[in-house]
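# Structure at a glance
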Amino acid sequence: MSGKQTEFLTILKILGCVAKADGHLHPKEKIPLTQALDCLQLPDRISLNSLLAESTPFEELLKQLESSLAIDIAYQSAYTLAYVDGHCSPEEQELLDKIEHAFPDRILWNGKKLFSRALQDAQKISPFLPVKPITHPRKRKAKVQTFIEFWSQVNAICSSFSTSQAAIATEAIVYWNQLNLIQDIGIIGGYNPKQEIPALQETVFSSLGITGSRLAIDALTQLLPDRQVGTEASLGYQTTWAIGRVADAYFSQGCQMDEVALKSAFEVAQAEGKAAYQTHQEKIATKQAAIEPQMRALVKELKAGQIAEEEYLVEIQYLF
């Protein structure tokens, strides 16, 4: 294995420790670990079970992280995994604290407060595409489709900028946009943004663990030297598309879909979104090239502390 692949495996072991810290492995914690193993294509002898059976002390695993990128990714991935079910147990928090204490000279993921607050702020009306209820079925369907396509393309471009330099901020944008997409579709369908809509938002991002899995895996795959170019953009597009489709089905059915039905609908819609991305890929690439200089300038300002993360989120969205 290369040095990056070795660090990738070490982080997986760290995540295994976090996942089982409270005494059991939650299904939503198992998803990102399984996906990570699939990404790396490790030897058959290395499985999820073998990682969870890892006996190396947690502190010793942390000492195996040599690069700054690996340290940052380890903390970000562990943090998102710990909070993937909407609650971080005392045991999981203890391990997060150990990571912080092991690297006292580093600022580890200063975007975690923004990430944790995003769901709480989700009821705010999006200022970018103001919406109103639409009673005409055909017009409502057309408007929903327009929103799904728009936000899917925006998130494809934002996800493509999810590099080690700006992963936190761009992932927060994708998360925020997906929350807003659910909200907008609900409002178009005549639902109250402070009542029925937050219930679906919490189910999609907490119960289904979509965002926690995506954040953890996207961060980890930065260590893979052979990761495919365009993977982030495609995943950002198809995940957003699927969330939009699920939201449309949920509100169209009077908010009666349970978690099992939502998960099944999401899987079908994600495959549909993957095909849609291929259709719009050229258009997305053209837009990305057009705004790349402005996005990189904003990243530079963010890193230099010249703008706050909240301001960065707004400025990026106005580019579209």
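Here the structure is shown first, and the text comes after it.
The residue numbering used here restarts from 1 in each chain and proceeds along that chain's sequence as written. Totals for whole chains, interfaces and linings use all residues, but because this is a predicted model, local features are given only for residues with pLDDT of at least 70 and pairs of side-chain atoms are given and counted only at 80 or more. Just so you know, side-chain values use all the structure's heavy atoms and leave hydrogens and water out.

## Details of the packing of helix α5 (residues 68-82) against helix α6 (residues 90-102)
Where helices are involved, their axes are fitted lines through C-alpha atoms of the stretch in contact, as for all axes, and angles between N-to-C directions lie from 0 to 180°. Helix and strand definitions follow DSSP, with helices as H or I runs of at least four residues and strands as E runs of at least two, each counted in order from the N terminus. Look at α5 against α6: their axes get within 10 Å of each other, and the N-to-C directions meet at 165°. In terms of their interaxial angle, α5 and α6 are classed as roughly antiparallel. In the packing of α5 onto α6, the handedness of the crossing is left-handed. Of α6, the residues touching α5 (which contributes A74, Y75, A78, Y79 and A82) are E92, L96, I99 and E100. When residues are grouped by polarity, Ala, Val, Leu, Ile, Met, Phe, Trp, Tyr, Cys and Pro land in nonpolar, Asp, Glu, Lys and Arg in charged, and all others, Gly among them, in polar. Taken together, the residues of the contact of α5 with α6 break down into seven nonpolar, no polar and two charged. By definition in this entry, angles of less than 35 degrees are roughly parallel, angles greater than 145 are roughly antiparallel, angles of 65 to 115 are roughly perpendicular, and the rest are oblique. Crossings are classed by handedness, with left-handed meaning an anticlockwise turn of the near helix from the far one by less than a right angle and right-handed meaning a clockwise turn. The contact definition used throughout considers only heavy atoms, calling two residues in contact when any of these lie within 4.5 Å.

## Brief notes about the packing of aromatic side chains
The geometry of an aromatic ring pair comes down to the distance between the two centres and the angle between the two planes. Only rings of Phe, Tyr and Trp enter the pairing, Trp through its six-membered ring, and a pair is recorded when the two centres are within 6.5 Å. The plane angle decides the type: under 30 degrees is stacked, over 60 is edge-to-face, the rest tilted. One pass over the full model with this rule turns up six aromatic pairs. Between Y75 and Y79 the ring centres are 6.1 Å apart and the planes differ by 40°, which places this aromatic pair in the tilted class. Highlighted residues: Y75 and Y79, both in helix α5, separated by four residues, approximately one helical turn. Accessibility here uses a 1.4 Å probe with only protein chains present; expressed as a share of the type maximum, an area under 20% marks a residue as buried, one over 50% as exposed, and anything in between as partly exposed. Judged by its relative accessible area of 0%, Y75 is buried. Here Y237 and W241 contribute two aromatic rings whose centre-to-centre distance is 5.9 Å and whose plane-to-plane angle is 20°, an arrangement assigned as stacked. One end of the pair is Y237 and the other is W241, both in helix α12 (residues 231-252) and four residues apart, which spans about a single turn. On the basis of relative accessibility, which here comes to 0%, the residue Y237 falls in the buried class. One aromatic cluster is present, formed by Y191, Y250 and F251 through successive ring pairs.

## Details of the pattern of salt bridges
By definition here, a salt bridge exists when the distance from a side-chain nitrogen of Lys or Arg to a carboxyl oxygen of Asp or Glu is within 4 Å. Applying the stated rule across the entire model yields five salt bridges. With a closest N to O distance of 3.0 Å, E59 and K98 form a salt bridge. With E59 in helix α4 (residues 58-63) and K98 in helix α6, this pair connects stretches of sequence that are 39 residues apart. Assessed through its relative accessible area of 37%, E59 is described here as partly exposed. R245 is the partner of E272 in a salt bridge, and the nearest nitrogen-oxygen pair spans 2.8 Å. You can see E272 sitting in helix α13 (residues 259-303) and its partner R245 sitting in helix α12, a full 27 residues away along the chain.

## Quick notes on unusual backbone geometry
Although it is not a glycine, C255 sits at a positive phi angle of roughly 60°. If you trace the backbone, C255 turns up in the loop between α12 and α13. With a relative accessible area of 18%, C255 lands in the buried category.

## Quick look at the nonpolar core
Ranked by size, the top nonpolar core spans 48 residues in total, and within it I182, L200, F251 and Y312 carry the most contacts. Listing elements by their share of this core, those giving two or more residues are α8 (137-160), α9 (167-188), α10 (196-207), α12, α13 and α14 (309-318). Among the elements that make up this core, the one with the highest residue count is α13 (eleven residues). Residue types Ala, Val, Leu, Ile, Met, Phe, Trp, Tyr and Cys, when buried and joined through side-chain atoms within 4.5 Å, form a set referred to as a nonpolar core.

## Focus on the packing of α8 against α13
Remark: α8 packs on α13, axes separated minimally by 9 Å, with the N-to-C direction vectors making an angle of 55°. When the interaxial angle is binned, α8 and α13 end up oblique. At the point where α8 passes α13, the crossing takes the right-handed sense. Of the residues in α13, those touching α8 at Q153, A156, I157 and S160 are Y277, H280, K283, I284, K287, Q288, I291 and M295. Its residues assigned to classes, the contact of α8 with α13 shows six nonpolar, four polar and two charged.

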